[in-house]
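Observations on the model geometry
So you can see what is in the structure, the chains are spelled out below.
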Protein chains: 2
Amino acid sequence: MRQSRARTQRVTITDVGHAAGVSPATVSRVLNGTAKVDAVLAGRVQAAVRTLGYHPNAAAQGLAKGRWGTIGVLVPDLANPYFPEILKAVSAVARANGHRVMIMESEENPAVEPELVADLLRSCDGLLLCSPRMRRDQLAELVARAHPMVLVNRIVPGLAVPAISVDFYGGTTSICGHLAQLGHRDVAYLSGPEASWANGERIRALEAAAAFGLRVTVIPAGATAADGGAAAEQALAAGATAVVTYNDLVAQGALARYRQLGVDVPTELSVVGFDNLSLDWSGQATLTTVAMPRDDLGRQAAELLERLMTGSPDTEPKLLPMELLIHETTGPAAR
Amino acid sequence: MRQSRARTQRVTITDVGHAAGVSPATVSRVLNGTAKVDAVLAGRVQAAVRTLGYHPNAAAQGLAKGRWGTIGVLVPDLANPYFPEILKAVSAVARANGHRVMIMESEENPAVEPELVADLLRSCDGLLLCSPRMRRDQLAELVARAHPMVLVNRIVPGLAVPAISVDFYGGTTSICGHLAQLGHRDVAYLSGPEASWANGERIRALEAAAAFGLRVTVIPAGATAADGGAAAEQALAAGATAVVTYNDLVAQGALARYRQLGVDVPTELSVVGFDNLSLDWSGQATLTTVAMPRDDLGRQAAELLERLMTGSPDTEPKLLPMELLIHETTGPAAR
DNA sequence: CTGTTAGCGCGTTCAC
DNA sequence: GTGAACGCGCTAACAG
């Protein structure tokens, strides 16, 4: 008999109050600990909740409280191993603060980002935009909506929005220094997604390294191992003695291709990764790369967002340092 | 002046109606296309929406319509490359049906799953439980709440819940057949997470292979490359000539360890992966494994869920076949 | 300490 | 075709 309305008719706070012989308000108080309630009544409410199988309706709570209890996260690509660790850290912080996490991915398509973010905006208390690829003006428009929002891995000069990012410029510079000291003069860069701010930073740093005698050829590649493999030969054609890559995936793809071509690394060619994605199954890392603890990045970003949502207008972009990890894929220049 | 209330005071449907000189009801009608509206009025409404920057409140819509427009997805581990492709496919289907996707991960901790799902239940129209690790009775309790719900990669006998899964048993059997035909008799299995149904299926199939003369030693490992590396030696100690693994990550970890130990694959030892995670950066797969298109799995699961949410009580568990991919890590038995 | 009242923002009857 | 009124389920302010 009570099953007959199982699907459509949810049990409400009024039902619980009815069953416990108290008003809906009291039920609310018991459930949220908003005010002191007589122990006997509280007990009756708890019991009613249990027997009826009551679960508060999130939409109704959101409407009444003016908060959703949810934070939204946008990432370009869930398959990129760069993001899971960030998401894990963010989820942990969010849960610790009683928030759910809504994740959306743009599939590396900058065009859909604004729409996705608009969607998140309508159902979240705060937003975390990870490596957003969208244009500056689109970003500015979203920022203007004045919702708590944190940018991760993107700094937009002149835009007043809290941001936390990694010092990709510095990381790239340390790579360049390492290579220069090994005698390299001709470097190829297997470039990542065009709209990626992080990619731009790497390129800026590489070009600045010209001051130290480094000649850089930028070769469009992408963000995956396949992209790296496909672009690998062009680095050779460019006469480079060292190859810097957008990330470790691209580096692994390139390394595989060089193995195929019989090009020995690092004696004939040096290869440097980026991001320390831990793709060496051997357990001991072999790829020279630059690192930054991603869980830290995610944690700090989430904490910043939580702080924003409770009021404090903390708006100075933060840049986390990278660390050069020298392993076995870099060596003295061949010529 | 209008900025003074930017944070707290959102623009509502009433504001729009006011600005356009129509009733809130009319605004709702033009926005949802619920009924025919005079073109002139509609135009005024559109304009007002644009200039005021109106965005409907998802919670209010949800409350009024009794739907959230969101589907929830639970996964054990976002860092496991098995899930991103599923999530991508699910997101695509969901978006095509006008639904948002809320993702939660349990971090391979079965204990938190019920709580996470309860949370999803309160704010989603339908649920997709991917490889849930929780106990049967907990699952039964959730199913009893009678929400549209689809189980992915878990079949619970005797529980009436729509499910779509992969034929891990069959996949494992084809591995066993392959190994048997190569003359292997002693096989070690590097086992995955204990609470994983998929892991149980693999073990069942391996034990059934005893009928064909295969002796199997089950060695607890885990789901990561590190786990595989750590457990690799025990397979040798067990006297196995072939090692079957929980997944390709475990296999890669084991392979790396064998390389270190100077054990040649496949002449001295055969190694088989699982899931075809495409971890061979070389571009051409080298690991023998079994595969099932994960985007297909995700797509079908999401479509099933969408169907459930619109009514049809489709409740026959579906099992998708796996395909054996023979590459370079398996060969004739050493002895 | 508790019940009653009044909204939160929207969709949807119902009359006009 | 359009507006006014009501209710979705819950919390917060107000009385008692």
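Our structure is the block above this text.
Owing to the predicted nature of the structure, the values given are computational and were not obtained by experimental measurement.

1. Points about the sheet that holds strand β11 (residues 318–320) of chain A
All names here are of chain A. The 6 strands are arranged β2-β1-β3-β4-β5-β11 in an open sheet whose pairing can be described as parallel. Unpaired on one side and paired on the other, β2 (100–105) and β11 mark the two borders of the sheet. Neighbour-to-neighbour, the strand axes of this sheet turn through a mean angle of 15°, independent of strand direction. Across 4 bridges, the pairing between strand β1 (residues 70–75) and strand β3 (residues 126–130) is parallel. Counted as the bridge partner of I71 is G126 from β3.

2. Focus: helix α11 (residues 248–261) of chain A
Residues separated by three or four positions in an α-helix point in the same direction, a consequence of the helix having 3.6 residues per turn. Residue and element names in this part refer to chain A. For α11, which comprises 14 residues, the first-to-last C-alpha distance of 20 Å matches the rise-based estimate of 20 Å (1.5 Å per residue) to within 8%. Of all 14 residues that make up α11, 10 are buried, and the element is covered over most of its length. Buried within α11 are the following residues: D248, L249, V250, A251, Q252, G253, A254, L255, A256 and Y258. Looking at the packing, one finds that the buried side of α11 touches β6 (186–191), α10 (225–237), β8 (242–245), β9 (270–272) and β10 (289–291). Near the N-terminus of α11, the side chain that reaches the backbone nitrogen of L249, with its oxygen 3.0 Å away, is that of N247. Trailing α11 by a residue or two, G262 shows a phi angle of about 75°, which is positive.

3. Some points on the pairing of strand β5 (residues 163–166) of chain A
Residues and elements named next belong to chain A. Of the two faces of β5, the one carrying A163 and S165 and the one carrying I164 and V166 are both buried. Both strand β4 (residues 149–152) and β5 contribute to a ladder of 2 bridges, which runs parallel. Its bridge partner lying in β5, L151 is registered against A163. Taken together, the 3 bridges between β5 and β11 define a ladder with parallel strand orientation.

4. Digging into the packing of aromatic side chains
Scanning the model with the defined rule gives 7 aromatic pairs over all chains in all. Consider the rings of Y82 of chain B and F83 of chain B, whose centres lie 5.4 Å apart with planes at 75°: the pair is edge-to-face. Put simply, the rings of F168, W197 and F274 of chain A touch in pairs and so form one group of aromatic residues. One residue, R202 of chain A, lies across the ring of F274 of chain A, its end atom 3.8 Å from the ring centre. Looking at R202 of chain B, its charged tip hangs above the ring of F168 of chain B, at a distance of 4.8 Å from the centre.

Conventions and cut-offs
Residues numbered from 1 in each chain as written. Chains lettered and ligands numbered in written order. Predicted model: local features only at pLDDT ≥ 70, side-chain atom pairs only at ≥ 80, totals over all residues. Heavy atoms only, no water. Pairing = 2+ DSSP bridges. Helix = DSSP H or I, 4+ residues; strand = E, 2+ residues; numbered from the N terminus. Axes fitted to C-alpha atoms, helices over the stretch in contact; angles between N-to-C directions. Expected span 1.5 Å × (residues − 1). Buried < 20%, exposed > 50% of the residue type's maximum accessible area, 1.4 Å probe, protein only. Contact = heavy atoms within 4.5 Å. Polar contact = N/O pair within 3.5 Å; in protein donor to acceptor, adjacent residues only side chain to side chain. Phe/Tyr/Trp six-rings, centres within 6.5 Å; stacked < 30°, edge-to-face > 60°. Lys NZ or Arg CZ within 6 Å of the ring centre and 35° of its normal.

All quantities given are derived from atomic positions and should not be read as evidence of function.
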